[in-house]
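Structure assessment
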Amino acid sequence: ISIHRNDDEGNPRLIWAKICNAETTGLQVLQGQLNDAVTKPLREIYRDGCILERSPKFLRRLCWWWAMNCAGRKHCKHIGTFSISSLASQNCLNAYHPLITTSSLAYAPVNENGVSPIALICDHRTLDGMLAAQALHSLESKLQNEIITELESISSLRSNVA
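1. Section: the nonpolar core
Ile3, Ile15, Ala17, Ala37, Leu42, Tyr46 and Cys50 form the largest nonpolar core, which has 7 residues in total. Excluding its chain neighbours within four sequence positions, the residues that come into contact with Ile15 are Ile1, Ser2, Ile3, Arg5, Ala37, Leu42, Ile45 and Tyr46.

2. So, the side chain of Asp123
Within the element layout of this structure, Asp123 appears in the loop between strand 5 (118–122) and helix 6 (129–161). Side chain to side chain, Asp123 and Arg125 meet in a polar contact 2.7 Å long. Excluding its chain neighbours within four sequence positions, the residues that come into contact with Asp123 are Leu99 and Thr102.

3. Some details on the sheet that holds strand 4 (residues 103–107)
Taken together, 3 strands build an open sheet; the order of strands is 3-4-5 and the sheet is mixed. One side of each edge strand has no neighbouring strand; the edge strands of this open sheet are strand 3 (82–84) and strand 5. Adjacent strand axes in the sheet meet at a mean angle of 15° when their direction is disregarded. One ladder, built from 3 bridges, connects strand 3 with strand 4; its direction is parallel. Bridge pairing in strand 4 places Ile84 opposite Leu105.

What counts as what
Residues numbered from 1 in each chain as written. Predicted model: local features only at pLDDT ≥ 70, side-chain atom pairs only at ≥ 80, totals over all residues. Heavy atoms only, no water. Core = buried A, V, L, I, M, F, W, Y, C linked by side-chain atoms within 4.5 Å. Buried < 20%, exposed > 50% of the residue type's maximum accessible area, 1.4 Å probe, protein only. Contact = heavy atoms within 4.5 Å. Helix = DSSP H or I, 4+ residues; strand = E, 2+ residues; numbered from the N terminus. Polar contact = N/O pair within 3.5 Å; in protein donor to acceptor, adjacent residues only side chain to side chain. Pairing = 2+ DSSP bridges. Axes fitted to C-alpha atoms, helices over the stretch in contact; angles between N-to-C directions.

Here it is as C-alpha cells:
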C-alpha cells in the first residue's frame, strides 16, 4: 500500500507498506498494520527500503531492474503483486497511477450517496480485462455484505464495552 508520510527527520516520503494474506486477515488487524506503517519508525517497518536507499545509485537501479525484470519470486517478495493507491483523503481518484505490480486498486472518497468510485488498473499481460471486471463485482459484493457485517460486529463490540 502506498503511504505518503514523514520520515524520522520530518521529510516527506513515499513508502510501500507490505500487507500479507489480507484476504484472511480481520479488519482490526489490517487497520493495526496500517497504523504501524504510518506511525512506527521507518527503519522498523521499511527495513529493506532503508538498506537499499543507503546503497550507491547504480546498485539501487540494478536491484530495481533485476527485481522488476529477472526475478519473479523476488519481485513478489520485495515489490508485491497487488497494490492500493488512493488520494481519497485529498478528494481525488488517481485512476492512472504508474503500475509496478500486476494490478492496483484506487478509490475516491465516499460521496453524499454513500458511493465511492473504484478503479482497478491491471497489466493485461497477466490479467484479462474480463477477470478484472469480475473481480470488481466480487469486491462490491464483499463490501456490501461481509465487510459491513464485520464492521457492524466491531461496532457492537465497542458499544457493549462503552
